[in-house]
Amino acid sequence: MKITGVQIRQVQVPRQHRTIVGTGVDTPVAGVGDAPTRSRFAFLLLQSDEGVCGLGEWSDLEAGLEPAALRGPLESLLLGRNPFDLEAIFTAFPFDRSTRCAVDSALYDLMGKALGVPVYELLGGCYRPQVEVSWVVYIRQPELIGEEIARMRDRGFGAFKLKVGSRIDHDETCVRIIRETAGPGARLKLDASGAWTLAEAIEYIPRLAQYGLQAVESPVQGRGAADLARVRQAVEVPIIEHVWDRWDYVLELVRHQSVDIINLFPEGCGGLFRCKKVLALTEAAGIGALLGSTVELGVGTAAQVHLGVSSPGITLPSDLIGPAMYREDVITQPFAYEGGALVPPSGPGLGVELDLAQLERLGA
Ligand SMILES: [Mg+2]
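Think of each chain on its own: its residues are numbered from 1, step by step along the sequence as written. This being a predicted model, a pLDDT of at least 70 is required before a residue's local features are given, and a value of 80 or more before pairs of side-chain atoms are given or counted; all residues contribute to the totals for chains, interfaces and linings. By convention in this description, side-chain values take in all heavy atoms of the structure and omit both hydrogens and water.

Here we come to the coordination of the magnesium ion. Nitrogen, oxygen and sulfur within 2.8 Å of a metal are treated as its donors, or within 3.2 Å for sodium, potassium and calcium (Na, K, Ca); water is not counted, so a site can appear incomplete. Around the magnesium ion, the protein contributes the donor atoms Asp191 (OD), Glu217 (OE) and His242 (NE2), which lie 2.0 to 2.3 Å from the metal centre. Spacing between the donor residues of the magnesium ion along the chain follows D-x25-E-x24-H. Of the two residues, Asp191 is situated in strand 7 (residues 187–191) and Glu217 in strand 8 (residues 215–217); the sequence distance between them amounts to 26 residues. Each of the two residues, Asp191 as well as Glu217, counts as buried. Segments assigned H or I by DSSP are reported as helices when at least four residues long, segments assigned E as strands when at least two residues long, and all are numbered from the N terminus. The cut-offs for exposure are 20% and 50% of the maximum accessible area for each residue type, with area from a 1.4 Å probe on protein chains only; residues under the lower value are buried, those over the upper are exposed, and the others partly exposed.

Right, dumping it as C-alpha cells:
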C-alpha cells in the first residue's frame, strides 16, 4: 500500500465552558467569565492506492498554528510511502509532536482499514473492553462545580480530576464540594498544573488529602525530577507527572523515584507508536500511567480509546472528556459515555468517519 494524497481541513468548535488551569499566580476565580470559548482543530486525510483514507487530528490548536500550511511539506514526506513503515517515517521526522501525532493516527487508520481490523488489534489487542474516564473539572466558581459534578455523577462518572493551583482556600472548597457531591466511593485526583512551590505542595497536599485523594498531578513548578521526589517523600498521596515527548524524562523520573504514575497521551508523546514505547518503559519500571488529554474531538478520542483498551500499563482512569466538553463533533457517530467509560468503535482502523457536512459548516 502507498500513500497517494494528503488533505488538511480546519474547523472551530465551541466548548461547554472556559477551561482554566492553575498558573502559579493568584488565578482570579470570583467573577471570572465562564462563557464558552472556541477551540480550533485540523484533520489530516491520507489517501492510499487501495482506496482507503486514514484520519489524524491536530487537537485544540494554539493561536498562530495553521496545519493547513503543512500540506506541501507533508506531501514531500509521505507521498509514495508505505503506511506500515512507522520507524522509517518517524526517524528524523521534521515536524512538531502534534503533527507527528496526526500523521501517526492516519497511518494506523490506514493500516487497520487495509487489514480490516480495529487499530487496537495493531497495538496489542483487546486487553480491556473499555477505557474508564475521570471527568476533568477546571477552575470555576464552587457553585458551578457543584452543578457540574452532580450532572456528571448522574451520567455515571465515578472518577474525577480537579484542576487546582489558584487560591488554596478556593481549592479546598472545591475539593470538599466534589467529595460531598460525588460521594465517598468516587475516585478523585488533583492536578496543580505545576502551580505550587515545593513548600506549598508539601503544605497543601495533606490539607486537601483529608477529603480522600487517589493522586496529585504536577504538584510543583518546573516539574524537576528531584523536586517531585521531595514532594513524594513528604506526602502520602501518589504523585503523577506528564512526560510529553521527553521520553528520556521517564528514565529521570524513575531514577529519582519521583512519581507513582505518569500522564501520557498521543498528542503529548507524538503518536500511538511512541506512547506504546513509553508504556514499555513505565511497565518495566513498575510505575502506573493514565491517558491525559489535549481535549480531543472524535478522531483524536478514537486514537486514545484504541490505545487505552490495548494497554495494561494504563492503570488509572483517563482524561478523555472531549466528547462531552465540546458542543459539536465532526464524526458521523460521536462517542457516548457508558457508565463513565468509552468503548472503541468496532469498525476497521480507528472506526470513525468524518461528517463532511459538519466539516464544511464548522470550517475555519
Ligand atoms: Mg496535567
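Moving on, we come to the pairing of strand 2 (residues 38–48). Within strand 2, nine of the 11 residues are buried, leaving the element largely enclosed by the surrounding structure. In this scheme, strands are said to pair when DSSP sees at least two bridges between them. Note: strand 1 (residues 3–14) against strand 2, 11 bridges, orientation antiparallel. In the strand pairing of strand 2, Arg9 is matched with Phe43. In this structure, strand 2 lies alongside strand 3 (residues 53–58), joined through six bridges in antiparallel fashion. Bridging from a neighbouring strand, Gln47 pairs with Cys53 of strand 3. Between strand 2 and strand 3, which pair antiparallel one after the other, the connecting turn spans four residues, and Gly51 there sits at a positive phi close to 85 degrees.

Moving on, we come to the packing of helix 3 (residues 97–115) against helix 10 (residues 272–285). Each axis is a line fitted through C-alpha atoms, and for a helix only the stretch in contact is used; angles between axes span 0 to 180 degrees, taken between their N-to-C directions. At their nearest, the axes of helix 3 and helix 10 sit 8 Å apart, and the two run at 100 degrees to each other. The pairing of helix 3 with helix 10 is recorded here as roughly perpendicular in orientation. When helix 3 is examined against helix 10, the residues Arg100, Asp104 and Tyr108 are found in contact with a partner set consisting of Leu272, Phe273 and Arg274. Convention used here: angles under 35 degrees read as roughly parallel, angles over 145 as roughly antiparallel, angles from 65 to 115 as roughly perpendicular, and any remaining angle as oblique. Contacts are assigned to residue pairs that have any heavy atoms within 4.5 Å of one another.

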